[in-house]
Amino acid sequence: MSSASGSRYDEMLHEDGSVRPAYVDFRSWYDGQDTAWLRRQDAAAERFFRRIGITFNVYGDDAGEERLIPFDMIPRIITAREWRKLTRGIEQRVRAINAFLQDLYHRQEIVKAGRLPVHFLRENQAFLPQMIGFTPPGGVYTHIVGIDLVRTGPDEFLVLEDNARTPSGVSYMLENRETMMAMFPELFTKIPVRPVSDYPRRLARSLRACAPACAGPRPSVAVLTPGIYNSAYFEHAFLADQMGAELVEGSDLRVSGGRVQMRTTEGYKPVDVIYRRVDDNYLDPLSFNPDSVLGVAGIMDVYRAGGVTIANAPGTGIADDKAIYSFMPDIVEFYTGEKPLLQNVPTWRCSEPEALRYVLDNLSELVVKEVHGSGGYGMLIGPASSRKELARFEAKLRAKPENYIAQPTLALSSVPIFTREGLAPRHVDLRPFVLVSPDGIDITPGGLTRVALKKGSLVVNSSQGGGTKDSWVLDE
C-alpha cells in the first residue's frame, strides 16, 4: 500500500507525459481551444450554479451561510473496460450488504459463525431493535446506495466507505452533466459518453417496484425532507421535482386508517413509498426521539404492518458504520461465497488493544476517523497535522478508542482541474449511485466525482473545501 509521499497515479498522463487512452480525444479537443474562451466558460459555469441555487449549508458554521459547491469543468473519464470491472464489484458488495442486513435483523448467522463479534451490534446506536424480525417489502433494505471509491493504480480501486443510510450528491452528478452539455455540446458529439440524465426516472421506477402489497397499480411516491434548513434541501427538492413525486415534511403526513396519508389540495391521500431524507432517530417520535417534529407519529407501526415502504429502511446505518466496514471482506465472502472483487482500505479497529497501540505509535502517518462520522468531520490526517493536533487526537483515542478506526494515508489518484495557469492534478474519489429493487440492481454509469481543489490535499468533501466534476464513462 503506497503512502501519500509515494508516487500517485495520474489518470490522464503516463509517467512519460503521454496521454492515457481514456483522455486522448478530450485532450486533443482541449489543446485546440482558446484559453481565454475556456476561462469565460469556467466563469459562466459558476454563474449558472449560483443562479439555479446549487448550494449547501455547512453544519457548525455560525453564520449559517449557504456556500456554492465549486465545480471543475475538466471531466473525470473512465473507460468502458474499467467501468465493467467496477460494476461487477459494486453489485457484489451491494448484494452482500442487503443480505447482511436481512441476517442481522433475523437469525444473525454471521454472529453465530464467529465472523462478527456480537458487541459490534449491541454497542452500536445504528442497530435498531425495532427492525428485529421484520423484512421490508421486496426484501430490500438499501434502495439507494452510494459506494465511495478511491483509485491508487491502473487497476486498483478500493472502497473507502459504504453509504447505506441516505447517500447524497446525486443532484450534483446530474447538474454537473447538464452544465457540461450546455457549455461544450460539441464534446458530446465527438466523445461517446454514457448518459446519466435518466437517473430520476430510474429512481422512481425502482422505488415503485418496492411498494407494499397494499399499493395500487401506480404506487405514489413522496420525498420526506427535514425542511429548507437541511444542508441537502436543494437535492431533496430537485429529486422530487425530477421524479414527479411530492416533496413533503413531517407535518404534511399523518397516520390514518392503517396507512400513511399525505395532505393534498384534494384532502389526505395514502402514500405508498416514502424516500426519506430524515435520520432514523427523527423518523417517528413514538418509536425513537420523542421530541422529534421532523417525522410522523406512528409511521413505524404502519411500516411493520406492511402499509408503507420506507427507503432506505430504518436500521440500514449499521452497514455504513466504519467499524462494520472493516469486516466487509468477511461479510462479502460470507453471503456471496466469493472473494471480494473490490478491496477495502486496510483498517485498524482502535477498540482492539493491539491495533490501538499500532495507531498511537504511527499517528503522524495515518488517517483516523470517527466510527459514526461523515462529511470529513472528526477526522485526523496525520501527515497534514500539527504536533498540537496529533496530541489532541491521541488524547481522544486513549479516552474512547472504540469510537475510532485508522487507515493508511493512501496515494489517491489525481485528475486534472482547470486553473488560471492551465491544467493541474488534484486528488479525487468517486461515488457511484446504486438502485436496488426486487427487479435487480441498477448502477448509474459514473457517479459523483469529488475533487480536493487545494494542491496536495486529500480531503474531497464539499464541507471541507472540495469541489465536484462531471464523471464520464465511455461507451464501448
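How each quantity is defined
- Residues numbered from 1 in each chain as written.
- Predicted model: local features only at pLDDT ≥ 70, side-chain atom pairs only at ≥ 80, totals over all residues.
- Heavy atoms only, no water.
- Helix = DSSP H or I, 4+ residues; strand = E, 2+ residues; numbered from the N terminus.
- Rg over C-alpha atoms; globule rule 2.2 N^0.38 Å.
- Buried < 20%, exposed > 50% of the residue type's maximum accessible area, 1.4 Å probe, protein only.
- Lys, Arg positive; Asp, Glu negative; His and termini not counted.
- Charge placed at Lys NZ, Arg CZ, Asp CG, Glu CD.
- Phe/Tyr/Trp six-rings, centres within 6.5 Å; stacked < 30°, edge-to-face > 60°.
- Lys NZ or Arg CZ within 6 Å of the ring centre and 35° of its normal.
- Salt bridge = Lys/Arg side-chain N within 4 Å of Asp/Glu carboxyl O.
- Axes fitted to C-alpha atoms, helices over the stretch in contact; angles between N-to-C directions.
- Parallel < 35°, antiparallel > 145°, perpendicular 65-115°, else oblique.
- Left-handed = near helix turned anticlockwise from the far one by under 90°.
- Contact = heavy atoms within 4.5 Å.
- Nonpolar A, V, L, I, M, F, W, Y, C, P; charged D, E, K, R; others polar.
- Pairing = 2+ DSSP bridges.
- Core = buried A, V, L, I, M, F, W, Y, C linked by side-chain atoms within 4.5 Å.

*Asks:* What is the right way to read the overall build of the protein from this model?
*Replies:* The helix and strand inventory of the protein stands at 14 helices and 23 strands. Taken over C-alpha atoms, the radius of gyration comes to 23 Å for the protein, in line with the 23 Å a tight globule of 476 residues would show. Expressed along its principal axes, the backbone C-alpha trace of the protein runs to roughly 65 × 55 × 50 Å. Put simply, the protein has 476 residues, and 56% of those count as buried. The distance from the centre of the 55 positive side-chain charges to the centre of the 60 negative ones in the protein is 1 Å.

*Asks:* I keep staring at helix H9 (residues 233-243) and nothing clicks. Help me out?
*Replies:* Within H9, burial applies to Phe-234, Glu-235, His-236, Phe-238, Leu-239, Ala-240 and Met-243. Backbone geometry just downstream of H9 places Gly-244 in the positive-phi region, at approximately 75°.

*Asks:* I keep staring at the packing of aromatic side chains and nothing clicks. Help me out?
*Replies:* The description of two aromatic rings rests on the distance between their centres and on the angle between their planes. Inspection of the entire model under this criterion finds 17 aromatic pairs. Residues Trp-348 and Tyr-358 carry aromatic rings whose centres are separated by 4.7 Å and whose planes lie at 25° to one another, so their mutual orientation is stacked. With Trp-348 in strand S14 (residues 348-349) and Tyr-358 in helix H13 (residues 353-361), this residue pair connects regions lying ten residues apart in the sequence. Three or more aromatic residues joined by ring pairs form one cluster here, namely Phe-26, Trp-29, Tyr-30, Trp-37, Phe-184, Phe-188 and Trp-472. The side chain of Arg-254 reaches across the aromatic face of Tyr-268, ending 3.7 Å from its centre. Against the face of Phe-327 rests Arg-349, its NZ or CZ located 3.9 Å from the ring centre.

*Asks:* When you look at the pattern of salt bridges in this model, what are you seeing that I'm missing?
*Replies:* Should the charged atoms of two oppositely charged side chains come close, the side chains can pair. If you walk through the whole model with that rule in mind, you get 28 salt bridges. For the salt bridge of Arg-277 with Glu-235, the shortest nitrogen-to-oxygen distance reads 3.0 Å. Here Glu-235 lies in helix H9 and Arg-277 lies in the loop between strand S11 (273-276) and helix H10 (299-304), a separation of 42 residues in the sequence. Glu-235 carries the same exposure label as Arg-277, and that label is buried. Among the charged side chains, a salt-bridge network with shared partners connects Glu-11, Arg-76, Glu-82 and Arg-151.

*Asks:* It is not clear to me how the packing of helix H6 (residues 170-183) against H9 should be interpreted in this structure. Could you clarify?
*Replies:* Axis angle and axis distance: for two packed helices, these are the angle between their axes and the distance between the axes, and together they describe the pair. One way to put it is that H6 packs onto H9 with a least axis distance of 9 Å and a crossing angle of 70°. Classified by the angle between their axes, H6 and H9 sit roughly perpendicular to one another. Remark: the crossing between H6 and H9 carries left-handed chirality. Taking contact as the criterion, the partners of Val-170, Ser-171, Tyr-172, Leu-174 and Glu-175 in H6 are, on H9, Phe-234, Glu-235, Phe-238 and Leu-239. Classifying every residue of the contact of H6 with H9 gives six nonpolar, one polar and two charged.

*Asks:* Can you walk me through the sheet that holds S11 in this structure?
*Replies:* Strand pairs in the sheet, formed through backbone hydrogen bonds, run parallel or antiparallel to each other. In spatial order, the strands read S7-S6-S11-S12; together these four strands make up an open sheet with parallel pairing. Of all the strands in the sheet, just strand S7 (246-248) and strand S12 (309-311) have a single pairing partner and so form its edges. Between one strand and the next, the sheet's axes are offset by a mean angle of 25°, whatever the strand orientation. Relative to S12, S11 runs parallel, the two being bridged by three bridges. Across the sheet, residue Val-273 finds its bridge partner in S12, namely Thr-309. Packing against the sheet, helix H8 (residues 199-208) makes contact with strand S6 (221-224), S11 and S12, and its axis sits at approximately 125° to S11. Packing against the sheet, H9 makes contact with S6, S7 and S11, and its axis sits at approximately 150° to S7.

*Asks:* Just to check I follow, could you spell out the nonpolar core for this structure?
*Replies:* One recurring pattern in soluble globular proteins is that nonpolar side chains are buried together. Grouped together as the largest cluster of nonpolar side chains are 72 residues, with contacts concentrated most on Ile-90, Leu-116, Met-131, Leu-253 and Ile-318. The dominant element in this core, judged by the number of residues it contributes, is helix H3 (residues 80-104), at nine residues. Those residues in contact with Leu-116, other than ones at most four positions away along the chain, are Phe-100, Leu-104, Ile-110, Val-111, Leu-121, Ile-324 and Phe-327. Of all hydrophobic cores here, the second largest spans 29 residues; its members include Tyr-23, Phe-188, Val-193 and Trp-472.

*Asks:* Honestly, unusual backbone geometry in this entry has me stumped. Any pointers?
*Replies:* Negative phi characterises most residues that are not glycine, and trans characterises most peptide bonds. Between Ala-311 and Asn-312 the backbone carries a cis peptide bond, its omega angle lying at -10°. Here Asn-312 lies in the loop between S12 and helix H11 (322-325). Unlike most non-glycine residues, Gln-108 shows phi in positive territory, near 55°. As for its position among the elements, Gln-108 is in the loop between H3 and helix H4 (109-112).

*Asks:* So what exactly am I meant to see when it comes to the pairing of strand S8 (residues 253-256) here?
*Replies:* Moving residue by residue along a regular strand, the side chains alternate between the two faces of the sheet. Across four bridges, the pairing between S8 and strand S9 (residues 259-264) is antiparallel. If you follow Leu-253 over to S9, its bridge partner there is Met-262. Counting the residues that bridge the hairpin from S8 to S9 gives two residues, and of these Gly-257 lies at a positive phi of roughly 60°.

*Asks:* For this particular structure, what's the right way to read the pairing of strand S10 (residues 267-270)?
*Replies:* Inspection of the sheet shows S9 paired to S10 by four bridges, in the antiparallel sense. Bridge pairing in S10 links Thr-264 to Gly-267.

The values are spatial; any link to function lies outside them.
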